[in-house]
Each structure stands twice: as C-alpha cells, then as structure tokens.
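If you want the building blocks of each chain, they are given just below.
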Amino acid sequence: MNPLSTRWPRYVSFMPAAMIAIGAVFNLLSPRYYWGDYLLGAAVVVAGALLSGRHTIAAAAAIVLVQLGLLIKDGYFGHAVGTLSLISAVFTALVGLGVNRVVAGHSHRLQVVRSVAEAVQRAVLPAPPAQVGRLAIAAVYKAAQIEALIGGDAYAVQDTPYGTRLLIADVRGKGLDAVGTVAVLLGTFREAADQAADLVVLAERMERALIREASSREESVRMEGFVTAVLGEITSDADRVRLLNCGHPSPFLLQGDTVTCLDPGEPSLPLGMNLLGLPRARPDHWPFPTGSTLLLVTDGVTEARGRCGTFYDPVSGLGGRGPFRQPEEVIEVLVRDVERWAGGPRDDDMAILAITRRADEPAP
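A. Here's a closer look at the overall build of the protein. For the protein, the helix and strand inventory stands at 10 helices and 11 strands. A buried classification covers 46% of the 364 residues belonging to the protein. A sequence separation of at least 24 residues applies to 71% of the contacts in the protein between residues at least 6 apart.

In structure tokens, the structure reads:
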C-alpha cells in the first residue's frame, strides 16, 4: 500500500472507483460522449496520489476500458475524434501512474529518514533500567507520524544515594538543535543526580547547564529556547514520591482502576527560562502505594487531538481499565488509546515513562 494512504480515512480509498462509476454513468446518459471524461481523468490521478501502485494500475485500466466501451457504443471508435479521445484517456492513465511513482518514492524516502531519526533518538535516549529495587520501569518514545525530524523528548531514571531519581522533559523545537539540548540535559542530569542534595538543587544545576549551552547559539534561538520537565525522586523505601514540575504536563498516579492527576501545588518556570534567578517552587510530595504506577508523559500524549478537536485526557482514557501489574501494560494501553483517539497521524512526538512499585524487591 502507498504509505501516504494511511493518513486518510478508509472511505477515501473508494473515491477513484466512485468517480469512474459516476463518470461512466454520466457518459451513458449524456448525448455528448465526453460529458463525464473529466471525472474519469481525475479518478486515476486521485488514485495515483492516494492508493497503491496496484490499485492505480487498476484505475488506469478501468478508465481506458470505460472510454473504449463508450466510444464503441456511441459509434466514434475508428474515427479521428474517437482516436484522440482514446489517446487522451491513455495519456491521463500514464499521468496517474507517474503521480503514483513520485508519491511512492517520496513516501519511501520519508520512511527511511524517519527510521534514521528514530535510530538517532534511541542512541541519544537509551532505555532506562528495567528495575531498581522494588521499582519496575518501562519507557517508550514514539516519533511524530507526519514529520521526519528528530524530536526533543527525553527521559531518564537513575539510582542515587537520595533514592531513585527520574526525569521526563520536552525540549522546544526539533532537529539537531534539539538533539544538542537533549544531550546536555541528560548528561547534566546523570552527573548531578548523584550529587544534588534535593530536586531544587538538581533543577538549578540543569538550568545553568542549559543557559551555558544556549549562550553559543543565535539570539533568536537563545531567547525562545526552553525545556519543560518533571524531576522526580522516589524514596529509598519506595513509599513516597517527590515531584518538581517545571512547566511540564502533570504526571499521573494509577492505583487499581483509578487515575489521579498529580498537579503541582505551585507552578515553576521551565528550565532555561529562569534568567533572573528567581527561587523555584518546592517539590510536591505524594504517597506511592504498593501496586501503583507513576506515569509521566510529554505533551504528545496530552495534546493529541481527537476528531472533534478535544485533547486526550489520560484520566478518563485509562480510568476503569486497571489494575495494571506491569509498567509495560500501562504504556501499551496508553499508546493504543492515544492512536485510537487521534484517528490519524500524530503531529508531535510522545515520550512515556511508567514506574510501578512492586510488593517485594525482586530477587537478583
């Protein structure tokens, strides 16, 4: 199938056939043999743009045969006018086939570039550990379906003397600039997570690193660049979680079939924007019961639009569908639900990090 055809609703694939049928009927009912030819010609071009090569060939053959049948019926076959009309139909069919080849080639190149972008993203964004003590961890990154640029979504989990620290972030922009910022962000997090006494100090270390990194860029990029993020810390006994939200979509806590949105008590600026050195809000504390899952997402999830233009809501989307025993289950259900909600290609990357507190620490 033509890769681009997956963008369109299913009924669109029947449009060329409908246009051929309507054009043939108009020709049959019209006293002028060419009355419906415009629909026939348009049908094969539409097929070439939307459908696979096999279906485009079928549409091309159909319009030539329909045209030939109509010429025989009207008595124009063998006449100069009929010959020109048949040649025109064949030429239009060839144009449709050419359009299909161009679109298919573009689609193939786009798929190759997108796969390379995802490979680079995975290299920059390695998978977190599958478990840390009582915590089971899973993460996924899904590239936007209508772009082939490397995105700026990031996540990380690290076991530290202060507990298990975690990060999910969304760098403004895409491409190589975003990759550079993600590299700085993750590198600073991995270094400072073991040393910073609390999440506020960790955020300040990351803030300074991002401002230094942005200082070498053009002024327009420097002024508009920022990173939304959630920094988290799960205590050593895994019974509580501390969250510092820096302008990022709120995390969620899944317990049984209940989903709770963990909104911050006090908003905090995104990383890279606090040029005046304003004090950051203190982290929020939340209980983390056994069997519950902490779910962190980027705005590719919370800003996925449905057919009516409404944003996806994980609280209503995941509510009543638990209990989830593994973080992989949460991610699988969430990704499938977001794609069903969007009903087509997503225009933004999405990163998902899920951490489940097990009853007992697994044996080594």
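B. Inspection of the sheet that holds strand 1 (residues 131–132) at higher detail. One open sheet holds the 6 strands; their spatial order is 1-2-11-10-7-8, and the pairing between them is antiparallel. Strands with a single pairing partner mark the edges of an open sheet, and in this sheet they are strand 1 and strand 8 (258–261). Judged from the 5 bridges that link them, strand 10 (residues 293–297) and strand 11 (residues 350–357) form a sheet pairing that is antiparallel. Pairing of Thr293 across the sheet is with Thr356, part of strand 11. Along the sheet, helix 10 (residues 327–342) makes contact with strand 2 (135–142), strand 7 (252–255), strand 10 and strand 11, crossing strand 2 at roughly 25°.

C. The arrangement of the pattern of salt bridges in detail. A full pass over the atoms with the stated rule returns 7 salt bridges. For Asp198, the salt bridge goes to Arg282, with nearest N and O atoms at 3.8 Å. Taken as a pair, Asp198 in the loop between helix 5 (176–192) and helix 6 (199–214) and Arg282 in the loop between strand 8 and strand 9 (284–287) lie far apart in primary sequence, 84 residues in all. A relative accessible area of 25% means that Asp198 is categorised as partly exposed.

D. Fine view of the pairing of strand 4 (residues 163–171). The buried count for strand 4 comes to 9 of 9 residues, which makes it a mostly enclosed element. In the sheet, strand 3 (residues 153–160) pairs with strand 4 via 8 bridges, with the strands oriented antiparallel. In the strand pairing of strand 4, Asp159 is matched with Thr164. The hairpin turn running from strand 3 into strand 4, its antiparallel successor, is 2 residues long.

E. Looking closely at the nonpolar core. Of all hydrophobic cores here, the largest spans 48 residues; its most connected members are Leu167, Leu185, Leu231, Leu271 and Leu353. Counting residues in hydrophobic clusters, the runner-up holds 21 residues, among them Leu254, Leu318, Ile331 and Leu334.

F. Geometry of the packing of aromatic side chains. Scanning all chains against the criterion turns up 1 aromatic pair. Here Tyr312 and Trp341 contribute two aromatic rings whose centre-to-centre distance is 6.0 Å and whose plane-to-plane angle is 70°, an arrangement assigned as edge-to-face. Here Tyr312 is found in the loop between helix 8 (299–302) and helix 9 (314–318), whereas its partner Trp341 is found in helix 10, with 29 residues between them in sequence. With a relative accessible area of 4%, Tyr312 lands in the buried category.

G. Highlighting the environment of Pro279. Mapped onto the elements, Pro279 comes out in the loop between strand 8 and strand 9. By relative accessible area, which is 76% here, Pro279 ends up exposed. Sequence spacing of Pro279 and Leu269 is 10 residues, and the spatial spacing of their C-alpha atoms is 9.8 Å.

H. Quick look at a nonpolar patch on the surface. On the surface, Ile22, Val25, Phe26, Leu28 and Leu29 cluster together to form a nonpolar patch covering roughly 460 Å² of accessible area. For Ile22, a relative accessible area of 41% corresponds to the partly exposed category.

I. Examining unusual backbone geometry more closely. Despite not being glycine, Ala238 has its phi angle at roughly 65°, a positive value. Its location among the elements puts Ala238 in the loop between strand 5 (227–234) and strand 6 (240–246).

J. How the structure looks around helix 1 (residues 15–29). Taking 1.5 Å as the rise per residue, helix 1 with 15 residues should run 21 Å; its terminal C-alpha atoms sit 21 Å apart, in good agreement. Three or more residues of helix 1 are buried, namely Pro16, Met19, Ile20, Gly23, Ala24 and Asn27. The buried side chains of helix 1 occupy one side of the element, clustering within an arc of 130° when seen end-on.

K. Region of interest: the sheet that holds strand 4. The strand order across the open sheet built from 5 strands is 3-4-5-6-9, with neighbouring strands paired in antiparallel fashion. The sheet is open, and its two edges are formed by strand 3 and strand 9, each paired on a single side. Sheet twist, expressed as the average angle between the axes of neighbouring strands with direction ignored, equals 20°. In this sheet, strand 9 lies alongside strand 6 in antiparallel orientation, the contact comprising 4 bridges. Opposite Arg242, over in strand 9, you have His285 as the bridge partner.

Criteria and thresholds
- Residues numbered from 1 in each chain as written.
- Predicted model: local features only at pLDDT ≥ 70, side-chain atom pairs only at ≥ 80, totals over all residues.
- Heavy atoms only, no water.
- Helix = DSSP H or I, 4+ residues; strand = E, 2+ residues; numbered from the N terminus.
- Buried < 20%, exposed > 50% of the residue type's maximum accessible area, 1.4 Å probe, protein only.
- Contact = heavy atoms within 4.5 Å.
- Pairing = 2+ DSSP bridges.
- Axes fitted to C-alpha atoms, helices over the stretch in contact; angles between N-to-C directions.
- Salt bridge = Lys/Arg side-chain N within 4 Å of Asp/Glu carboxyl O.
- Core = buried A, V, L, I, M, F, W, Y, C linked by side-chain atoms within 4.5 Å.
- Phe/Tyr/Trp six-rings, centres within 6.5 Å; stacked < 30°, edge-to-face > 60°.
- Patch = residues over 30% accessible without salt bridge, like charges linked within 9 Å, V, L, I, M, F, W, Y side chains within 5 Å.
- Areas by Shrake-Rupley, 256 points an atom, 1.4 Å probe, with all protein chains shown as cover.
- Expected span 1.5 Å × (residues − 1).
- Arc of directions from axis to C-beta.

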